[in-house]
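# Geometric and topological summary
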Protein chains: 2
Amino acid sequence: MSTWFTEKQTDNFGITAKVNRSLHKEKTDFQELEMLETEEWGNMLVLDDMVMTTEKDEFVYHEMLSHVPLFTHPSPKKVLVVGGGDGGVIREVLKHESVEKAVLVEIDGKVIEYSKQYLPSIAGTLDDPRVDVQVDDGFMHIAKSEREYDVIMVDSTEPVGPAVNLFTKGFYEGISKALKEDGIFVAQTDNPWFKADLIRQVCADVKETFPITKVYTANIPTYPSGLWTFTMGSKIYDPQQIPAERFTDINTKYYTNELHGASFVLPKFVKELTE
Amino acid sequence: MSTWFTEKQTDNFGITAKVNRSLHKEKTDFQELEMLETEEWGNMLVLDDMVMTTEKDEFVYHEMLSHVPLFTHPSPKKVLVVGGGDGGVIREVLKHESVEKAVLVEIDGKVIEYSKQYLPSIAGTLDDPRVDVQVDDGFMHIAKSEREYDVIMVDSTEPVGPAVNLFTKGFYEGISKALKEDGIFVAQTDNPWFKADLIRQVCADVKETFPITKVYTANIPTYPSGLWTFTMGSKIYDPQQIPAERFTDINTKYYTNELHGASFVLPKFVKELTE
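Residues numbered from 1 in each chain as written. Chains lettered and ligands numbered in written order. Predicted model: local features only at pLDDT ≥ 70, side-chain atom pairs only at ≥ 80, totals over all residues. Heavy atoms only, no water.

For clarity, the cut-off: UniProt positions are given in the numbering used here, feature names are shortened, and annotations may be inferred rather than shown by experiment.
As recorded by an unreviewed UniProt entry, chain A carries the name Polyamine aminopropyltransferase and is attributed to Halobacillus andaensis. A UniProt comment under Catalytic activity (unreviewed entry) is attached to chain A, and it reads "S-adenosyl 3-(methylsulfanyl)propylamine + putrescine = S-methyl-5'-thioadenosine + spermidine + H(+)". Per UniProt, chain A has the following entry under Function (unreviewed entry): "Catalyzes the irreversible transfer of a propylamine group from the amino donor S-adenosylmethioninamine (decarboxy-AdoMet) to putrescine (1,4-diaminobutane) to yield spermidine."

Structure below.
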């Protein structure tokens, strides 16, 4: 008899995946962490019963959270990843040669530890010399940073549990202060099918802090509804007005230069949430 | 205790939805038909245990299967829908004023009957005077049609059961013959996460018959992986080269003129299937 892991993505809908075995399970200081070996998606990191990443589809989220802002900035040198303890965003960040220093501030050291152990294809570059891993509160790190970063990427869980502060207007103001005068930030902002109000609120809040606010999407099969949004706040650079020569050739499976532009063209009901 | 409907989208992965009650269930001459009242998605049509359409997310599929080819053609007058007994594509087709006659050829009359009863917001325009509903084999209808249609839309189930003939090279050749000399056809062609080989094969087959072959995508939360592909074969008109004045203002929830273009920009791993 096989075991199935079911994530209730809403009270009335969810996904279910066949599990070969549980590789690790513990209650950390911040959340329930479980690493599952699934048949369809490879190893899967689950936090508080929500799928965070899987070996098979992780590339979509990690490429889209990182390359869109990093190619929007003409020369990102110092970047910050808030959350992202699985290391996937860092792996993509390091593909940009301009990056000299990538700081990762993850609140839960256990996520880093078990990602290194069970998700090596994702976490494998966390020991790169350009990476500075800090087990710390991202909100506090932002609060004490000033004019420091070119790009800040918020790779958080949902706005419950440890990430609840990362979806507030005060946080976006802190990010603006932590960014240089031409800085860019992007955050994962959930899905428009079940979390329309959240997207509407984040968008309105970011707009009050950043001159340029734009939402883009990507398809992530193991995330609720499969349609994921990312919200970008930018001080100067418009992600939809990028000189062709800014794009360099990097190895990806989802992101392309052409898709960069197309990902900002939203389905009508999503566009309406951002207006 | 509540009941949940689970669709195994692959052997090892699926979706699960809370069901308030089963409205109707029968084995028709062609397939298992069930109409469920779900909490998250409203009424849901299930054929052979696969979700066909739901009241909440149906607009994506129906808008994208119809408006992309219909706006690519400068003046579609006579159109054919193969399958599509729920009536959703017909509802969208009728939004185009140029259309004089819309023929629906659905093999299973029971799909039409129970869609009219339980999905009135989808099937409600099947009695429109511009619509000719035929309960018949779409493959045979195509075989005996010649230079008749401006646009043909294939709204089929998966390539198992009654739809198996609709994913063959002979069918695409028949479609080409049934289309006028500037005709366009489009078919739903499943998802790139679990059915990569199918997309590769359909694309290669359509390319052998049509001078212009292009794939576009849409997000459909209740379909496997959430990322759906549509494959278009066109004799003359390029769906990515449309004069702005061709777009007229129609009422939609997903499709926009801008999204029309963006939907052809594929994620890298999907693009590679089409090359």
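Here the narrative resumes.
### Section: the relation of the copies chain B and chain A
Under the convention used in this document: In this comparison the copies share one frame, found by least squares on the C-alpha atoms of residues holding pLDDT of at least 70 in both. Contact criterion: two residues are considered in contact whenever any of their non-hydrogen atoms come within 4.5 Å of each other.
Note on the copies: chain B fits chain A at an RMSD of 0.0 Å, the axial shift is 0.0 Å, and the rotation between them is 180 degrees. Accordingly, the operation relating the two chain copies is best matched by a two-fold axis. An overlap of 100% is found between the interface residues of chain B and their copies at the interface of chain A, pointing to a shared contact surface.

### Thoughts on the sheet that holds strand S8 (residues 131-135) of chain A
Residues and elements named next belong to chain A. What counts here: Two strands pair if DSSP finds at least two bridges between them. Runs of H or I in DSSP of at least four residues are treated as helices and runs of E of at least two as strands, each being numbered from the N terminus. Only the stretch in contact is used when a helix axis is fitted, and all axes are lines through C-alpha atoms; the angle between N-to-C directions ranges over 0 to 180 degrees.
Strand order in the open sheet made by the seven strands is S8-S7-S6-S9-S10-S12-S11, with mixed pairing throughout. Looking at the sheet topology across the chains shown, the edges are occupied by S8 and strand S11 (212-219). Recorded for the sheet is a direction-independent mean angle of 15 degrees between the axes of neighbouring strands. Pairing between S11 and strand S12 (residues 227-234): eight bridges, direction antiparallel. Bridging from a neighbouring strand, Tyr216 pairs with Phe230 of S12. The sheet contacts of helix H1 (residues 58-72) involve strand S6 (78-83), strand S9 (149-155), strand S10 (179-188), S11 and S12, and relative to S9 the element is tilted by about 160 degrees.

### Considerations on helix H3 (residues 109-118) of chain B
What counts here: Think of it in three bands: residues with accessible area under 20% of the maximum for their type are buried, residues over 50% are exposed, and the middle band is partly exposed, with areas taken using a 1.4 Å probe on protein chains only.
Taken together, the buried positions of H3 of chain B are occupied by Val111, Ile112, Tyr114, Ser115 and Tyr118 of chain B. Looking at the buried residues of H3 of chain B, the elements they touch are strand S2 (13-27), strand S3 (32-38), strand S4 (42-47), strand S7 (101-106), helix H4 (120-123) and strand S8 (131-135) of chain B.

### Here's the deal with unusual backbone geometry
Residues and elements named next belong to chain A. The backbone of Asp190 shows a phi angle near 65 degrees, a positive value even though the residue is not glycine. In this fold, Asp190 is placed in the loop between S10 and helix H7 (196-209). Its relative accessible area of 2% is what places Asp190 among the buried residues.

### Considering the environment of Met232 of chain A
All names here are of chain A. When you line up the elements, Met232 lands in strand S12. Classification of Met232 as buried rests on a relative accessible area of 1%. Residues Met232 and Asp136, 96 residues apart in the sequence, show an inter-C-alpha distance of 24 Å.

### Overview of the interface of chain B and chain A
We count it as follows: By buried area we mean how much accessible surface two parts lose on assembly, using a 1.4 Å probe and totalling the loss over both. Each reported salt bridge corresponds to a side-chain nitrogen of Lys or Arg within 4 Å of a carboxyl oxygen of Asp or Glu. N or O atoms closer than or at 3.5 Å make up a polar contact, with two conditions inside protein: a donor-capable atom paired with an acceptor-capable one, and, for residues adjacent in sequence, both atoms drawn from side chains. Residues are grouped as follows: nonpolar covers Ala, Val, Leu, Ile, Met, Phe, Trp, Tyr, Cys and Pro; charged covers Asp, Glu, Lys and Arg; every other residue, Gly included, is treated as polar.
Listed per partner, the contact involves 39 residues of chain B and 40 residues of chain A. For the chain B and chain A pair, buried surface summed over both sides reaches about 3400 Å², with 66% attributable to carbon and sulfur atoms. Its largest share of buried area at the contact with chain A, chain B owes to Asn12, Phe13 and Trp193 of chain B, together 21% of the area lost on that side. Linking chain B with chain A are zero salt bridges. Between the two partners, chain B and chain A, sit 16 residue pairs in polar contact (both at pLDDT 80 or more). Broken down by secondary-structure element, the contributors of at least two residues to the side of chain B that touches chain A are strand S1 (3-10), S2, helix H1 (58-72), helix H8 (257-262) and helix H9 (268-271) of chain B. By residue number, the principal contributor to the side of chain B that touches chain A is S2 of chain B, which donates six residues. Residues that form the side of chain B that touches chain A fall into these classes: 19 nonpolar, ten polar and ten charged. Bridging between strand S2 (residues 13-27) of chain A and S2 of chain B involves five bridges; their strand directions are antiparallel. Counted as the bridge partner of Ile15 of chain A is Ile15 of chain B from S2 of chain B.

### Some words on the UniProt feature "binding site: spermidine" (unreviewed entry) in chain A
Residues and elements named next belong to chain A. The UniProt record marks His62, Asp86, Asp155, Ser156, Thr157 and Glu158 with the feature "binding site: spermidine" (unreviewed entry), using the residue numbering of this structure. In this fold, His62 is placed in helix H1. Each residue touching His62, except ones within four places of it in the same chain, is listed here: Thr53, Asp86, Gly88, Val89, Arg91, Glu92 and Ile122. At 2.7 Å, the side chain of His62 forms a polar contact with the side chain of Glu58. Within the secondary structure layout, Asp86 lies in the loop between S6 and helix H2 (88-93). Looking at Asp86, the relative accessible area reads 7%, which means it is buried. Side chain to side chain, Asp86 and His62 meet in a polar contact 3.3 Å long.

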